[in-house]
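So you can see what is in the structure, the chains are spelled out below.
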Amino acid sequence: MSVRRATHAGSWYTDSASELSRQLDRWLGAADLSHGPARAIIAPHAGYAYCGACGAYAYRQVSPVVVKRIFILGPSHHVRLRSCALSVTKKYKTPLYDLKIDTEVNAELENTGQFTWMDIKTDEDEHSIEMHLPYIAKVMEDFKDQFTIVPILVGSLNPEQEAQYGSLLAKYFMDPTNLFVISSDFCHWGQRFSYTYYDRSCGPIHKCIEQLDKQGMDIIETLSPTAFTEYLRKYNNTICGRHPIGVMLGAVKALQDQGFKNMSFKFLKYAQSSQCLDMEDSSVSYASGSLIFEN
């Protein structure tokens, strides 16, 4: 199959093009352009009822007139993967319009010997990449025939692999016509996620979760891959896109080692699906941020 269906349309977000377009317009209209033009963004991948408004703050920083290619790095939720995998399809469907895969870049990445391919079932089961496609289609709609996408499913990488993939992708980060979308939710808290870290000195549980997430966000803003790895080891915060974030930080580190120091990451919005008050509650956190290259 050369086309990936929009398998989560009609459940995780509306399959009505007009309704989807209105929703995205409304959320983008409520967000400020304050840290752009983005070279990379971190944005959530939950159902739009939960995180659609939060995601807009990242996408608002994108300059569609500049962008020609969009890399989308999403964590693997359903299959065990120890590397990064590319899509075998030629197009990704969205309710708005189809997005074209950059087969040329896929071939370049395959030639490194470091990438595998995800089969169509893995591709269609996974939501971490799909949830970004309507936003991409919306932001890029005036240039819909002038850009391609490179979906990359990121497996459970160790810090050395994150650095290695970061180095491989660093040359693409350097090109201002490329945008990187890093797909991640933040803390998944509650017994159903087997994670109930709670420091009572913070006050209510949801405040503790916020403090924990903000600590991680502050570390990501320093752009230090080792500090982020240490934070994850210390708290085991259930940030599901930690490996895609690690790859982004690895790419930044590779560029810094080459003498490029003018990069700045800033988080612009934080939200929680609900406020946890007792140990029976659960929630997922969302954060949106943008990486820019300063002149």
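Going by the annotation in an unreviewed UniProt entry, the name recorded for the protein is Protein MEMO1, with Drosophila mojavensis given as the source organism.

Quick look at the pairing of strand β9 (residues 178-183)
Of all 6 residues that make up β9, 6 are buried, and the element is covered over most of its length. Residue alternation in β9 divides its side chains into two sets, Asn178, Phe180 and Ile182 and Leu179, Val181 and Ser183, and both sets are buried. Looking at chain direction, strand β2 (residues 40-43) and β9 are connected through 4 bridges and run parallel. Counted as the bridge partner of Ile41 is Val181 from β9. Here strand β3 (residues 69-75) runs beside β9; their pairing, made up of 5 bridges, is parallel. Paired with Leu73 across the two strands is Ile182, which belongs to β9.

Focus: the state of the cysteines
This model, assessed by the stated rule, comprises 0 disulfides. Not part of a disulfide, Cys187 finds its nearest cysteine sulfur in Cys208, a span of 8.3 Å. Residue classification places Cys187 among the buried residues on the basis of a relative accessible area of 0%. This cysteine, Cys208, is not joined by any disulfide, and Cys202 carries the nearest cysteine sulfur, 4.3 Å off.

Re the environment of Asp175
By secondary structure assignment, the location of Asp175 is in the loop between α6 (159-174) and β9. Sequence separation between Asp175 and Arg39 is 136 residues, and the spatial gap between their C-alpha atoms is 8.7 Å. Side-chain polar atoms of Asp175 contact the side chain of Thr177, separated by 2.8 Å.

Brief notes about the pattern of salt bridges
On inspection of all chains with the given rule, the structure shows 11 salt bridges. The salt bridge involving Glu130 is made with Arg4; its shortest N-O contact spans 2.9 Å. Here the residue Glu130 occupies a position in the loop between α4 (120-125) and α5 (133-139), and Arg4 occupies one in strand β1 (residues 3-4), the gap between them amounting to 126 residues. Here Glu130 and Arg4 have matching classes, each one buried. Salt bridges here are not isolated pairs; linked through shared partners, they connect Arg4, Asp123 and Glu130.

Description of the packing of helix α7 (residues 205-222) against helix α8 (residues 225-235)
Their axes nearest at 9 Å, the elements α7 and α8 cross at an angle of 160°. In this view, α7 runs roughly antiparallel relative to α8, as classed from their interaxial angle. Note that α7 runs across α8; the crossing there is right-handed. The residues of α8 that touch α7, namely those facing Leu212, Asp213, Gln215, Gly216, Ile219 and Ile220, are Ala227, Phe228, Tyr231 and Tyr235. Within the contact of α7 with α8, the residues separate by chemical class into 7 nonpolar, 2 polar and 1 charged.

Scoring rules and cut-offs
Residues numbered from 1 in each chain as written. Predicted model: local features only at pLDDT ≥ 70, side-chain atom pairs only at ≥ 80, totals over all residues. Heavy atoms only, no water. Buried < 20%, exposed > 50% of the residue type's maximum accessible area, 1.4 Å probe, protein only. Helix = DSSP H or I, 4+ residues; strand = E, 2+ residues; numbered from the N terminus. Pairing = 2+ DSSP bridges. Disulfide = S-S within 2.5 Å. Polar contact = N/O pair within 3.5 Å; in protein donor to acceptor, adjacent residues only side chain to side chain. Salt bridge = Lys/Arg side-chain N within 4 Å of Asp/Glu carboxyl O. Axes fitted to C-alpha atoms, helices over the stretch in contact; angles between N-to-C directions. Parallel < 35°, antiparallel > 145°, perpendicular 65-115°, else oblique. Left-handed = near helix turned anticlockwise from the far one by under 90°. Contact = heavy atoms within 4.5 Å. Nonpolar A, V, L, I, M, F, W, Y, C, P; charged D, E, K, R; others polar.

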